[in-house]
Amino acid sequence: MRYYVRKFAFYLVALWAALTLNFFIPRLLPGNPVDILMARLSQRGGTVDPSARRAFELMLGTNSSESLFQQYISYLGNMLRGDLGISVSAFPAPVSEVIATALPWTLMLVGIATFLSFAFGIVLGTFVGWRRGTWLDSLVPATTVLSAVPYFWLALLLVAVLSSAWGWFPLQGGYDILLSPGWNGEFIGSAIYYGTLPALTIVISSVGGWLLGMRNMMVSSTAEDYVLTAKAKGLRDSRIMIKYAARNAVLPSVAGFAISLGFVVSGAVITEQVFSYPGIGSKLLQAVQNNDYALMQGIFLVITVAVLGANLVVDLLYAVIDPRTRVSG
Amino acid sequence: MTNLSAVTVEPPRGRAGWRSMLPRWSPKLGVGLVLIALITFLGVIGPLLVGDPNTIRDISLTPPSGDFWLGTTWTGQDIVAQLAHATRGSLYIGLLVGVMSTALSALFGIVGSYIGGYVDEGFNLFSNVMLVIPGLPLVIVISAFVPADQRGMWTIAVVLAITGWAASARVLRAQTLSLRNRDYVAAARVSGEKPWRVITVEILPNLLPLLASQFVFSVIYAILSEAGLSFLGLGASNSSTLGTMLYYAQNSFALQREAWWWFVPPGLIIALFGCGLALVNFSIDEIINPKLRDIPRRSKAEASRVPEPVSRTDDDVVLTVNNLSVVYQVENPVHAVKDVSITLRRGEILGLAGESGCGKTTLAYAINRLHRPPAEVTAGAVTFHDREGGDIDVLALTPGELRAFRWSKLSMVFQGAMNALNPVITVRAQLEDVLTTHRPEMTKAQRKAKCEEVLKLVGVDVRRLSSFPHELSGGMRQRVMIAMALLLDPQVMIMDEPTTALDVVVQRGILREILRLRDEIGFAVLFITHDLPLLLELADRIAVMKEGEVVEYATAQDMYEQPAHPYTRQLLDSFPSLTGERGSFVRSGEQMTPVDRSGEPTASGGVR
């Protein structure tokens, strides 16, 4: 039980830290984002109503008479209510609405691709670590090369070859724009078709890390006494490999999965830029290019919350697969 | 683990220790260093040799030629010249970030964990929070707030360092915590050395490989991240890096115009540099964890052992080991077991005694063919004389036959049951998989009944079946191991230091149990220990091993009354005696008779 309490407390602290970071970044850095934002807003013919301005000010900081502490408290209040202000680039939609439409795309693409990459990496790593001293060892440096390649460069090359030259995949987008989004077979099929290449690029560039980590842990765990016991018991090799060696070796990878999610989301920003995918990453860049600071910060917050939430889930899962954490917590 | 593991690992500390900090030479390391050297040369010397990268010519997008080795850009600039300058920029960023983030992670990881207490808790919490906040979105947000004209190389480097140090800090913290508790560090602290001195003199040198690996990692991270940022248009302004080069190439539709010579080389340089660093990192990792070293590929050729199984001479014998030799095939081969012959009679306890590293564990493992490469049986035979008749040449069994032989004829109880049980699955699962493998015809109910039966035999509550190993006390774990060894009613049980690391009371209880079970069930035991006096009261016959050879082989009675070999006498004398008389170490033998087993307080209720 203590384990769970500690975990929840940690993520609350992390969430608070992210909110605070979000509050201070625009106040510490040069420039006056509120004025830029208001100017943009009036260009677009938006009426600058005082409450909108107030929301911006709370989020981005300005030379108001209010003390920093009061601003901070009101800001936290706004965040808890989910009031992230109004988007300038998608005026007059509220930031939360813009995010809500983009988020499912990213979650599906990145979620599935990451899971596949993790699964492949673990399975391959298990074999490579178990069959140490065979030709499989050469897979390790090979996948390392893939991890050292700049992701977008690899993705663009794949697009040039697989989409432009051979026409196997669409060039960009998240679905056939002739279709209207909805829960029907045709649209979902199109979304899967459009998502395959982006997902493939994510898997290719990240599988090496999982493979290496799992392989190294397998090398350690096959040297453990319980594997020797299993051999002495006359168990089949496949059972020793899975139930004894891999079952123990996978623990650090699962713990690492949580940490890697942050990097995965980061990668998604670039993926979506390469493929003009309608997810939250391309919205973030769109916000940056249009100085839509409110949207930008809202997205940063949502991404952070999503990553923290996923981390929490993984931590809870970890307690299930490693019985020792439940007592020693 | 085996007594001979000392042959390969743990470099000595001290002056010789410095040499162990250097990577071992390997082809991977060589290739990595060459890649790094070539690209560094391009970045450092290259810009002095090429022309101005910004000269615009009216030859747009010409393919590679004699004049322009890698062709020209959209505006006719020489790509080789651009590459040289861009490489310099990227290396500069990589170096800056590498230094800064390694310094940050050292500060938060090493200093925090060395000081300990609240500082450590605070630093650790901070590192963990920084780790879970997604890096690139944060970098994007920060970069977006800094106006483009103020966004130089240094700004980007600082932002990347701030968002990239946390993972290393965690690794360094874990390592420092373990170093901090080592004897020589504790000694330095107790003798009143100043904290900064302890850190720099005692701790830092041991962390160097780890720091180097983290540095290399952060350089790769920085170069890749900078390229990503530049690609998004958020890189350093007024500077030239491989990332900005790719940005311009992409925005001039280099790929769509099939100008691969513009788009491919910058990415390739990043990839090769990253690859070079990663290869060097493999070598550094092998210093940190020697287990990761490449082992030579397994050769198909079996050792040239002449099969010489011994046919049974006497129905009373269950296991014959004949002239067995085991060699560790390392650079200077170690002859761990030399020409050893022993016989084990049915229902007898044969003791195998000797100091650490004498080869007794290697011998025990070789009997069941559990020795791992580089250990290899070079001569001799192991013959098992089955009570159903027939002799089994153990060393000649096929892998399938060997699996069937193990545990059903000969089971083992390992030293220190701590790690011999799988920590993440229940006791029941570990008992049952023996039955599902060897007795597939058993029903679920039969398996359950059998598991409960063996646990009762060793005096463990059957409710412990659903426990995990960490929930049992040391004595209980060892009892569970013995129960597991009894599952298939084996004829021989090899026990490797089964009572070492248990306190004396628990040890007594377990030994009494072994004697009782032997009397009831009638298996033979090969009992391995360094404790010769213990064997004198427990075993029927004893073999004393020294440097791989059996130097004395006699009944316990004879060995007690007239030890023949000087080494045996030495072993007997080395145990302290309360009265000063040799022989008084023998612990009163009467207690060892298997009568009651209530004497062990932790056996039934000892949940930790």
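Look above for the structure.
The text that follows walks through the structure, step by step, so that each part is easy to find. (Residues numbered from 1 in each chain as written. Chains lettered and ligands numbered in written order. Predicted model: local features only at pLDDT ≥ 70, side-chain atom pairs only at ≥ 80, totals over all residues. Heavy atoms only, no water.)

### A look at the overall build of chain A
A tally of regular secondary structure across chain A gives 13 helices and 0 strands. What you see in chain A, going N to C, is helices and strands ordered as α-α-α-α-α-α-α-α-α-α-α-α-α. For chain A, the residues scored as buried account for 54% of the 329 residues in total. When the accessible surface of chain A is summed, it comes to about 14100 Å², and 68% of that surface belongs to carbon and sulfur atoms. (Helix = DSSP H or I, 4+ residues; strand = E, 2+ residues; numbered from the N terminus. Buried < 20%, exposed > 50% of the residue type's maximum accessible area, 1.4 Å probe, protein only. Areas by Shrake-Rupley, 256 points an atom, 1.4 Å probe, with all protein chains shown as cover.)

### Overview of the side chain of S163 of chain A
Residue and element names in this part refer to chain A. Mapping S163 onto the fold places it in helix 7 (residues 151-165). Within polar-contact distance, the side chain of S163 engages the backbone oxygen of F169 at 3.3 Å. In contact with S163, not counting residues within four places along its chain, are L158, W168, F169, P170, L171 and L197. (Polar contact = N/O pair within 3.5 Å; in protein donor to acceptor, adjacent residues only side chain to side chain. Contact = heavy atoms within 4.5 Å.)

### A look at the sheet that holds strand 1 (residues 317-328) of chain B
All names here are of chain B. Reading across the sheet, the 4 strands line up as 2-1-4-5 and stay open at both edges, with antiparallel pairing between neighbours. Edge positions in the sheet fall to strand 2 (334-345) and strand 5 (391-393), since each of these pairs with one other strand and no more. The sheet shows a mean angle of 5° between the axes of neighbouring strands, taken without regard to direction. Pairing geometry for strand 1 and strand 2, over 8 bridges, is antiparallel. Across the sheet, T320 pairs through a bridge with T343, a residue of strand 2. Against the sheet, helix 13 (residues 360-367) makes contact with strand 1, strand 2 and strand 4 (375-385), and its axis sits at roughly 120° relative to strand 1, the strand it touches most. (Pairing = 2+ DSSP bridges. Axes fitted to C-alpha atoms, helices over the stretch in contact; angles between N-to-C directions.)

### Thoughts on the interface of chain A and chain B
Opposite the 83 residues of chain A that make contact, chain B presents 74 residues. Of the roughly 7000 Å² buried between chain A and chain B on both sides combined, carbon and sulfur atoms contribute 72%. Our count for the chain A to chain B interface comes out at 2 salt bridges. Between the two partners, chain A and chain B, sit 13 residue pairs in polar contact (both at pLDDT 80 or more). Of the residues forming the side of chain A that touches chain B, the biggest block, 14 residues, is contributed by helix 10 (residues 237-275) of chain A. Of the residues that constitute the side of chain A that touches chain B, the class distribution is 51 nonpolar, 17 polar and 15 charged. (Buried area = accessible area lost by both parts, 1.4 Å probe. Salt bridge = Lys/Arg side-chain N within 4 Å of Asp/Glu carboxyl O. Nonpolar A, V, L, I, M, F, W, Y, C, P; charged D, E, K, R; others polar.)

### Topic: the pairing of strand 1 of chain B
Remember that side chains alternate between the two faces of the sheet whenever the strand is regular. Residue and element names in this part refer to chain B. Among the 12 residues that make up strand 1, 10 are buried, leaving the element largely enclosed by the rest of the structure. If you look at the hairpin formed by strand 1 and strand 2, you'll find 5 residues sitting between the two strands. In this structure, strand 1 lies alongside strand 4, joined through 8 bridges in antiparallel fashion. The residue bridging V326 from the neighbouring strand is V377, located in strand 4.

### So, the pattern of salt bridges
All names here are of chain B. In total, this model carries 20 salt bridges over all chains according to the counting rule given. Of the charged contacts, one joins E497 and K360 as a salt bridge, the two residues approaching to 3.9 Å between their closest N and O atoms. Here E497 is found in the loop between strand 7 (492-496) and helix 19 (504-521), whereas its partner K360 is found in helix 13, with 137 residues between them in sequence. Residue E497 is classed as buried on the basis of its relative accessible area, which comes to 7%. By relative accessible area, K360 is classed as buried at 2%. K409 is the salt-bridge partner of E388, the closest N and O atoms lying 3.7 Å from each other. In this pair, E388 is assigned in the loop between strand 4 and strand 5 and K409 in the loop between helix 14 (399-405) and strand 6 (410-413), connecting sequence segments 21 residues apart.

### Quick notes on the packing of helix 4 (residues 79-115) of chain B against helix 5 (residues 117-132) of chain B
The axes of two packed helices give the description: the angle between them and the distance between them. Residue and element names in this part refer to chain B. Running from N to C, helix 4 and helix 5 cross one another at 155°; their axes reach a closest spacing of 7 Å. By the criterion of interaxial angle, the relationship of helix 4 to helix 5 is roughly antiparallel. The chirality of how helix 4 crosses helix 5 is left-handed. In contact with L107, F108, G112, S113 and I115 of helix 4, helix 5 contributes G117, V119, D120, F123, F126 and S127. Split by residue class, the contact of helix 4 with helix 5 holds 6 nonpolar, 4 polar and 1 charged. (Parallel < 35°, antiparallel > 145°, perpendicular 65-115°, else oblique. Left-handed = near helix turned anticlockwise from the far one by under 90°.)

### Regarding unusual backbone geometry
Residue and element names in this part refer to chain B. If you check the backbone angles, W407 has positive phi at about 70° while not being a glycine. Secondary-structure assignment places W407 in the loop between helix 14 and strand 6. We note that D489 has phi near 55°; this positive angle belongs to a residue other than glycine. Along the polypeptide, D489 turns up in the loop between helix 18 (474-486) and strand 7. On the basis of relative accessibility, which here comes to 37%, the residue D489 falls in the partly exposed class.

### Concerning the environment of N128 of chain B
Inspection of the secondary structure puts N128 of chain B in helix 5. Judged by its relative accessible area of 15%, N128 of chain B is buried. N128 of chain B sits 20 residues away from A148 of chain B along the chain, and the two C-alpha atoms are 31 Å apart. Ignoring any residue separated from it by four or fewer positions in sequence, one finds N128 of chain B in contact with F10 of chain A together with R170 of chain B.

### Observations concerning the packing of aromatic side chains
Residues and elements named next belong to chain A. As enumerated under the stated definition, the model contains 19 aromatic pairs over all chains in all. On the numbers, 6.5 Å between centres and 20° between planes, the contact of Y72 with Y75 is stacked. Here the residue Y72 and the residue Y75 both occupy positions in helix 4 (residues 68-81), the gap between them amounting to 3 residues, near one helical turn. One exposure class covers both Y72 and Y75, and it is buried. Three or more aromatic residues joined by ring pairs form one cluster here, namely F23, F24, Y72 and Y75. (Phe/Tyr/Trp six-rings, centres within 6.5 Å; stacked < 30°, edge-to-face > 60°.)

### Points about the environment of T73 of chain B
Of note, T73 of chain B is situated in the loop between helix 3 (46-49) and helix 4. Along the backbone, T73 of chain B and T62 of chain B are 11 residues apart, and their C-alpha atoms lie at a distance of 7.5 Å.

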